[in-house]
Amino acid sequence: MKTKWFIILATLLSIFGCSCCLASNITKTKGNKIMKIALCHLEVSCGPQEKNLEKIERAVKIAGEHGARLVATPETAVQGYYFHRIDETRQLEVQPAYYLDSLRKTVKEQNLYLLLGCGEYVEETGLHHNSCFVFAPDGSLQSRHRKIYGEKLGSEKWASPGDRMSTTNCDGVNVGVLVCADSWFDERPLALKKQGADILIDIAAWPETPETGNPLPSWKKVTKITGLPFVLCNQTGKTKWMDMSIGESVVIQDEVVKCIYSGEEAVLFFEFDSVTKKVLSEKFEVVPLKR
């Protein structure tokens, strides 16, 4: 009798064990490592810097509290895109400067990666750059990308162009970093694809304007030529130089807009499957910025 029950039990364990293995394989095949990404859609173009930093820190805290592992800000979010128009005597510092210490502490507390738009001065060359810093979860500066496109005119006449594209690894996801119009030129997204990027993230100050038209077709084109998801973190707010309140933050895959937002300040969330390299969300989870 004991032998009979042993055989039955062994059979049942075999059946359920195989089922569990099958379920595990299905989960693995579909993708089982979901990364939550947050875009800080903020009004930061006119500063002042102290207010921008306080706002960015609040947004990063919201992102961390909602489970984001990777967070992006707009272009030149620290100083403000128009800082040089407002004060042409303003000097930039070698980065990361002391005034980023509190923000870096928040990054560490929230245990996330941060793509931060910030101007910088490079002592060795004497040049200024419109950069995106990537801070690791321990608050250290992991990498940086210096905007390549730049005519040294208008609001960006202070900035010299960078000279290289590169990816940075965030929890096993190779992120190709761009700053605004870097994505306008095919060779730059393609260079990031060649370097093994899994997703492209562009931090920007890029609304539709009469001069440049609607940028959405150019963003869709990036996904067509690379086959990679394209994410753009834009900013909002009206200024006397440009109306950024119509600027759109977007997530695009295979020329299809998956998530899109414009309007009031908010932290925007979407999910990315780091196994299949696919965007899972069909719309942003929108959390208004706390006052």
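Residues numbered from 1 in each chain as written. Predicted model: local features only at pLDDT ≥ 70, side-chain atom pairs only at ≥ 80, totals over all residues. Heavy atoms only, no water.

Undergrad: Explain unusual backbone geometry here, please?
TA: The general pattern is negative phi for most residues beyond glycine and trans for most peptide bonds. Each neighbour pair has its own omega, and for Gly47 with Pro48 the value is 0°, a cis peptide bond. Tracing the chain through its elements places Pro48 in the loop between strand E1 (34-41) and helix H2 (49-65). (Helix = DSSP H or I, 4+ residues; strand = E, 2+ residues; numbered from the N terminus.)

Undergrad: Help me understand the nonpolar core, please; the structure alone is not making it clear to me.
TA: The nonpolar side chains of a soluble globular protein tend to be buried, and buried together. Counting 46 residues, the largest nonpolar core has Leu39, Leu70, Leu115, Val175 and Phe270 as the members making the most contacts within it. When residues in this core are grouped by element, the largest group, five residues, is from strand E7 (residues 173-179). Beyond its immediate stretch of four places on either side in the chain, Leu115 contacts Leu70, Val71, Ala72, Thr73, Cys132, Phe133, Val134, Val175, Val177 and Ile201. Among the nonpolar cores identified, the runner-up in size contains 29 residues, and Leu103, Leu116, Cys118 and Val287 belong to it. (Core = buried A, V, L, I, M, F, W, Y, C linked by side-chain atoms within 4.5 Å. Buried < 20%, exposed > 50% of the residue type's maximum accessible area, 1.4 Å probe, protein only. Contact = heavy atoms within 4.5 Å.)

Undergrad: Before we go on, may I ask you to explain the confidence of the model for the protein in this structure?
TA: Should the pLDDT be low somewhere, the predicted coordinates at that spot are not to be read in detail. Across the protein, the average pLDDT comes to 90, with 88% of residues at or above 70. Low confidence marks residues 1-31, where pLDDT is under 50. Its contacts with residues over four positions away, or in another chain, come to eight contacts. (pLDDT = per-residue confidence, 0-100.)

Undergrad: It is not clear to me how the pattern of salt bridges should be interpreted in this structure. Could you clarify?
TA: Pairing between side chains of opposite charge can happen when the charged atoms of each approach one another. In total, this model carries 16 salt bridges according to the counting rule given. Residue Lys36 pairs with Glu285 through a salt bridge whose shortest N-O separation is 3.2 Å. With a gap of 249 residues between them, Lys36 in strand E1 and Glu285 in strand E14 (residues 285-288) connect regions that are remote in the sequence. A relative accessible area of 18% places Lys36 in the buried class. The residue Asp198 makes a salt bridge to Lys277 at a minimum N-O spacing of 3.6 Å. One end of the pair, Asp198, is in the loop between helix H5 (187-194) and strand E8 (199-203); the other, Lys277, is in the loop between strand E12 (266-273) and strand E13 (278-279), with 79 residues separating them in the sequence. (Salt bridge = Lys/Arg side-chain N within 4 Å of Asp/Glu carboxyl O.)

Undergrad: It is not clear to me how the pairing of strand E11 (residues 256-261) should be interpreted in this structure. Could you clarify?
TA: Side-chain direction in a regular strand flips from residue to residue, so the side chains alternate between the two faces of the sheet. As paired elements, strand E10 (residues 249-253) and E11 share five bridges and run antiparallel to each other. Looking at the pairing, Val251 lines up with Cys259 of E11. Hairpin remark: E10 followed by E11, antiparallel, with two residues in the connecting loop; positive phi at Asp254, about 55°. (Pairing = 2+ DSSP bridges.)

Undergrad: Please clarify how the packing of aromatic side chains should be interpreted in this entry.
TA: Given two aromatic rings, one states the distance between the centres and the angle between the planes to describe the pair. Here the structure, examined in full by the defined rule, presents eight aromatic pairs. Taking 6.3 Å as the distance between ring centres and 75° as the angle between the ring planes, the aromatic pair formed by Phe133 and Phe135 counts as edge-to-face. The residues Phe133 and Phe135 share a single accessibility class, namely buried. Ring centres 5.4 Å apart and planes at 85° place the aromatic pair Trp206 and Trp219 in the edge-to-face group. In this pair, Trp206 sits in the loop between E8 and helix H6 (216-226) while Trp219 sits in helix H6, placing the two residues 13 residues apart along the sequence. Trp206 sits in the buried class, given a relative accessible area of 9%. Feature note: the residues Tyr81, Tyr82 and Trp241 constitute an aromatic cluster, connected by ring pairs. Positioned over the ring face of Phe269 is Lys36, at 5.1 Å from the centre of the ring. Just above the ring of Phe185 sits the side chain of Arg188; from NZ or CZ to the centre is 4.5 Å. (Phe/Tyr/Trp six-rings, centres within 6.5 Å; stacked < 30°, edge-to-face > 60°. Lys NZ or Arg CZ within 6 Å of the ring centre and 35° of its normal.)

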